[in-house]
There are 2 protein chains.
Amino acid sequence: MSKQKPEVLGRAGAAECCPTLLTAPLDEEQAAELAPVFKALGDPVRLRLLSLIASRQGGEICVCELTPAFDLSQPTVSHHLKLLRQAGLIDCERRGTWVYYWLRPEMTDRLAAILTRPATAADTAS
Amino acid sequence: MSKQKPEVLGRAGAAECCPTLLTAPLDEEQAAELAPVFKALGDPVRLRLLSLIASRQGGEICVCELTPAFDLSQPTVSHHLKLLRQAGLIDCERRGTWVYYWLRPEMTDRLAAILTRPATAADTAS
């Protein structure tokens, strides 16, 4: 994360104050860093997995509850979970038989911030 | 857009009031609709193109200004622009010799909204 530029990294109030993808051109380094995260979201199974994990009351969910939600094999679900984890969107921990997953909200916060229009533009557009 | 569910579609104040990817599990239809948009963003050239278009003062940019920003052929840049357009992220119009591109902010607004934590969760987390 040390490569991120402060103006992109800033979470609190990013929508109000800071340049985003919509207000200043991304440089090559920023684009190379962000593209794999969006790519990880570019699959309907991974989007649903992320959503199941993120919306879980209590903040984490057992893989044993994720797999039955899909008509997919356990290895296929695990592969999708691995891609989400490599993208920094989720993290996990093994406890006994099962692996438990949880959201890394700093990454979804970052994506939301760079896609958010500055307040003035959002107020006047559409 | 008629397939979108109201609670996901809602733009104004979505961060404050409405279910997002982070608060309620996406159904298959929503995931199938959103995944191609994220996939379109899952490439560094397309991210930079979108950012160049979106951050343009005046709201639109000629393809003749986009191509020189990349070490890529005109057809390659045009192909990436086509994928962004098919995803609903940008639109374009030909005027004389050149094609002009602009952001469709309703789509980036929608992505930002579904990635935004509800205010209460964001306030208490990390």
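The structure under discussion appears in the preceding block.
Residues numbered from 1 in each chain as written. Chains lettered and ligands numbered in written order. Predicted model: local features only at pLDDT ≥ 70, side-chain atom pairs only at ≥ 80, totals over all residues. Heavy atoms only, no water.

### Some thoughts on the packing of helix α3 (residues 28–41) of chain A against helix α3 (residues 28–41) of chain B
Where α3 of chain A meets α3 of chain B, the axes come as close as 7 Å, and the angle between the chain directions of the two elements is 160°. Between α3 of chain A and α3 of chain B, the angle falls in the class roughly antiparallel. Helix-helix and strand crossings are classified by hand; for α3 of chain A and α3 of chain B the assignment is left-handed. Counted together, Ala35, Phe38, Lys39 and Leu41 of chain A of α3 of chain A and Ala35, Phe38, Lys39 and Leu41 of chain B of α3 of chain B form the full contact between these two elements. Here the contact of α3 of chain A with α3 of chain B is composed, by residue class, of six nonpolar, no polar and two charged. (Axes fitted to C-alpha atoms, helices over the stretch in contact; angles between N-to-C directions. Helix = DSSP H or I, 4+ residues; strand = E, 2+ residues; numbered from the N terminus. Parallel < 35°, antiparallel > 145°, perpendicular 65-115°, else oblique. Left-handed = near helix turned anticlockwise from the far one by under 90°. Contact = heavy atoms within 4.5 Å. Nonpolar A, V, L, I, M, F, W, Y, C, P; charged D, E, K, R; others polar.)

### A short note on the sheet that holds strand β2 (residues 90–95) of chain A
Residues and elements named next belong to chain A. Taking strand neighbours across the sheet as the criterion, the three strands line up as β1-β3-β2 in an open arrangement whose pairing is antiparallel. The open sheet is flanked by β1 (61–62) and β2, the only strands paired with a single partner. Here β1 runs beside strand β3 (residues 98–103); their pairing, made up of two bridges, is antiparallel. Considered in β3, the bridge of Ile61 is made with Tyr101. Where helix α4 (residues 44–54) meets the sheet, it contacts β1, β2 and β3, and its direction lies at approximately 85° from that of β3. (Pairing = 2+ DSSP bridges.)

### Some details on the packing of aromatic side chains
Taken as a whole, this structure holds one aromatic pair over all chains when the rule is applied. Between the aromatic rings of Phe38 of chain A and Phe38 of chain B, the centroid separation amounts to 6.3 Å while the plane-to-plane angle is 20°, which identifies the pairing as stacked. Placement of the pair is Phe38 of chain A in helix α3 and Phe38 of chain B in helix α3, with the two residues belonging to separate chains. The buried category is assigned to Phe38 of chain A, whose relative accessible area is 0%. The positively charged end of Arg95 of chain B is found above the aromatic ring belonging to Tyr100 of chain B, 4.8 Å away from the centroid. (Phe/Tyr/Trp six-rings, centres within 6.5 Å; stacked < 30°, edge-to-face > 60°. Buried < 20%, exposed > 50% of the residue type's maximum accessible area, 1.4 Å probe, protein only. Lys NZ or Arg CZ within 6 Å of the ring centre and 35° of its normal.)

### Comments concerning the relation of the copies chain B and chain A
Relative to chain A, chain B is turned by 180° and slid 0.0 Å along the rotation axis, the superposed coordinates differing by an RMSD of 0.0 Å. Accordingly, the operation relating the two chain copies is best matched by a two-fold axis. In terms of proximity to the rotation axis, the leading residue of chain B is Ala112 of chain B, whose C-alpha is 2.2 Å off the axis. An overlap of 100% is found between the interface residues of chain B and their copies at the interface of chain A, pointing to a shared contact surface. (Least-squares fit on C-alpha atoms with pLDDT ≥ 70 in both.)

### With respect to the packing of α4 of chain A against α3 of chain B
Remark: α4 of chain A packs on α3 of chain B, axes separated minimally by 8 Å, with the N-to-C direction vectors making an angle of 115°. Of the possible angle classes, the one that applies to α4 of chain A and α3 of chain B is roughly perpendicular. The hand of the α4 of chain A/α3 of chain B crossing is right-handed. Here Pro44, Leu47 and Arg48 of chain A of α4 of chain A come into contact with α3 of chain B, specifically with Glu28, Ala31, Ala32, Leu34, Ala35 and Phe38 of chain B. Among the residues making up the contact of α4 of chain A with α3 of chain B, the classes are represented as seven nonpolar, no polar and two charged.

### Looking at the state of the cysteines
Residues and elements named next belong to chain A. Scanning the entire structure with this criterion turns up two disulfides over all chains. At a sulfur-sulfur separation of 2.3 Å, the disulfide partner of Cys62 is Cys64. Since a negative S-S torsion denotes a left-handed disulfide, the Cys62-Cys64 link at about 130° is right-handed. Residue Cys62 is classed as buried on the basis of its relative accessible area of 3%. The structure places no disulfide on Cys92, whose sulfur is separated from the nearest cysteine sulfur, that of Cys62, by 12 Å. (Disulfide = S-S within 2.5 Å.)

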